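Residues per chain, in single letters:
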Amino acid sequence: MSKGLKYTLYGILLLDILGLFLAYVFAETVCCDEFEHLRMSYLVGNGYIPYRDFFEHHHPLLWYVFAPIMMILPHDFTLTYYTARFISFVFSSATFYFVYLIFRDFFSDKKLFVYFFLTVMVFYPIWFGFSFFKPDVYARFFYIAGLYGFMHYVKGEKIRDLTICCLAFTISFLFLQTLVFDILPFLMISAVIICKNPQKCKDFIMASIPSLFLFAMAIAFLFYTDSIKQYFQLNWVFNSKVFSMGNEYVNKGSIIYAFFIHFAGGFAALFWLYKNKKINKYTNIIALLFTCSVIQHLFFKAYYAHYLILPFIFCSMIIAVFLENIAEKKEYRILFCYIVAFFFCSLILNFVTLSIRNNISILEEMKKINSTKELGMVVSGNLYKIYDPLISYYVMHTDIAIVDNEIFHRFPEYDLDSNITLYKPLYIDYDDSDVWEHRLENKKYRISEGVLQNYEKISRYLWQRKNTLSQ
């Protein structure tokens, strides 16, 4: 590789790192999910129980971990928001560190991490997802840590490593239930190991005991808090139906096809590695995880690009091995130059995307509604009053209340007008556009003109009570 090409690669790498820091500050417009998890952490910190006391359809570990921090921090939205994002940034960095350890310990080549980093940073959701305050970030950390432990077991056959792997996978699942689909391929790998050496079955049984104990504690907590029924309804039944109940609720296609070139590149690199016999047993593990992950997202739609971060990590690990094998070979010089050019073009495109799709306006609105002690109310679900007292079971999108009541008929008397008339919130987060008309057959989920006339729209979704417009 020429010096010019090498300096170009490291220049792109440094600019990618800069991009991560800029994304930490300016984020992405889907950050309403972050506001949701801050709000839930605050409610848990005040003694409320998820599923029983308020609606949620994610696993609760993130809120219980972050709740003490919410109680310590002052009620300052900016400080809380960037503290949460900083912690996520640290965990994402630690995730990448485990990828580095995998390359160092099982591929004996630290340079692979450079190629991995350059490849994975092509994928823009890595930029904003790196500091995303969502359970996905923490689930991925424990999952990759578990993968590292599993590879150590394959290498050294120590029960300790397998036990750490099982515990890491369990914690990952407690952060995010969909990680179970990424854990399932390990059952195939384990079955192969046991078939080759039946005595290893004892290792897997012994290693699973601490994880089973952790599961038992989680289930006991759900029974103790009388939330086991709601947990099952909301995390499994609700999630299995929320995106399949028709266009009146959700009208989205899978985003995975938008990244066809990226994943096709991963499979092409994998084909080259197999053809040229550049594969070891650890590459096979990553190849299996990559393939299963892509198949999973083909069958279960990925509605948002950040759902594809884990398969793209696997894809980038495979491409990194491929790039390391062709980087110094003259016959692949032109191909390598094209790939570097692709890195550079993606870098430019990602910076342009970051400049266009940032959350500055949303953050300004969040600062405004969180700077007052008066009540606010979530309807459309883009903005949250983090520190509000709990006044309704539904503290998320109106879509959520519609689907939940459609499936479980949980609160037949639920009515937005009644809540707004009773509590007179200072702000309302509400979308009054016509797009809602075909989604709200039952008008109790729509604010009537009589109630809405007391509010003035001050931005796209934000409404303020008219008698306080001077505030």
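Thresholds applied
- Residues numbered from 1 in each chain as written.
- Predicted model: local features only at pLDDT ≥ 70, side-chain atom pairs only at ≥ 80, totals over all residues.
- Heavy atoms only, no water.
- Helix = DSSP H or I, 4+ residues; strand = E, 2+ residues; numbered from the N terminus.
- Buried < 20%, exposed > 50% of the residue type's maximum accessible area, 1.4 Å probe, protein only.
- Areas by Shrake-Rupley, 256 points an atom, 1.4 Å probe, with all protein chains shown as cover.
- Lys, Arg positive; Asp, Glu negative; His and termini not counted.
- Charge placed at Lys NZ, Arg CZ, Asp CG, Glu CD.
- Core = buried A, V, L, I, M, F, W, Y, C linked by side-chain atoms within 4.5 Å.
- Contact = heavy atoms within 4.5 Å.
- Salt bridge = Lys/Arg side-chain N within 4 Å of Asp/Glu carboxyl O.
- Pairing = 2+ DSSP bridges.
- Axes fitted to C-alpha atoms, helices over the stretch in contact; angles between N-to-C directions.

Q: Report on the overall build of the protein, specifying residues and quantitative values.
A: Scanning the protein for helices and strands turns up 20 helices and 4 strands. Taking the principal axes of its C-alpha atoms as reference, the protein extends roughly 75 × 55 × 45 Å. By the burial criterion, 56% of the 471 residues in the protein qualify as buried. Summed over its atoms, the accessible surface of the protein is roughly 21600 Å², and 65% of this surface lies on carbon and sulfur atoms. A distance of 11 Å separates the average location of the 42 positive side-chain charges in the protein from that of its 38 negative side-chain charges.

Q: Describe the nonpolar core, and please don't skip the residues or the numbers.
A: F35, F103, F116, Y143 and F314 are the most contacted members of the largest nonpolar core, which has 159 residues in total. Every residue in contact with F103, bar those within four places of it in the chain, is listed here: S108, D109, L112, F113, F116, M317, A320 and V321.

Q: Residue-level account of the pattern of salt bridges, with values.
A: Scanning all chains against the criterion turns up 12 salt bridges. Here R104 ties to D105 by a salt bridge, and the two come within 2.7 Å at their closest N and O atoms. Exposure remark for D105: the relative accessible area of 17% places this residue in the buried category. Several salt bridges converge on common partners, so that one network encompasses D33, K134 and D136.

Q: I'd like a rundown of the sheet that holds strand β2 (residues 427-429), residues and numbers included.
A: Ordered by their spatial adjacency, 4 strands build an open sheet running β1-β2-β4-β3, and the pairing between neighbours is mixed. Of all strands in the sheet, those bounded by a partner on one side alone are β1 (376-378) and β3 (455-457). Going across the sheet, the axis of each strand differs from the next one's by a mean of 20°, ignoring polarity.

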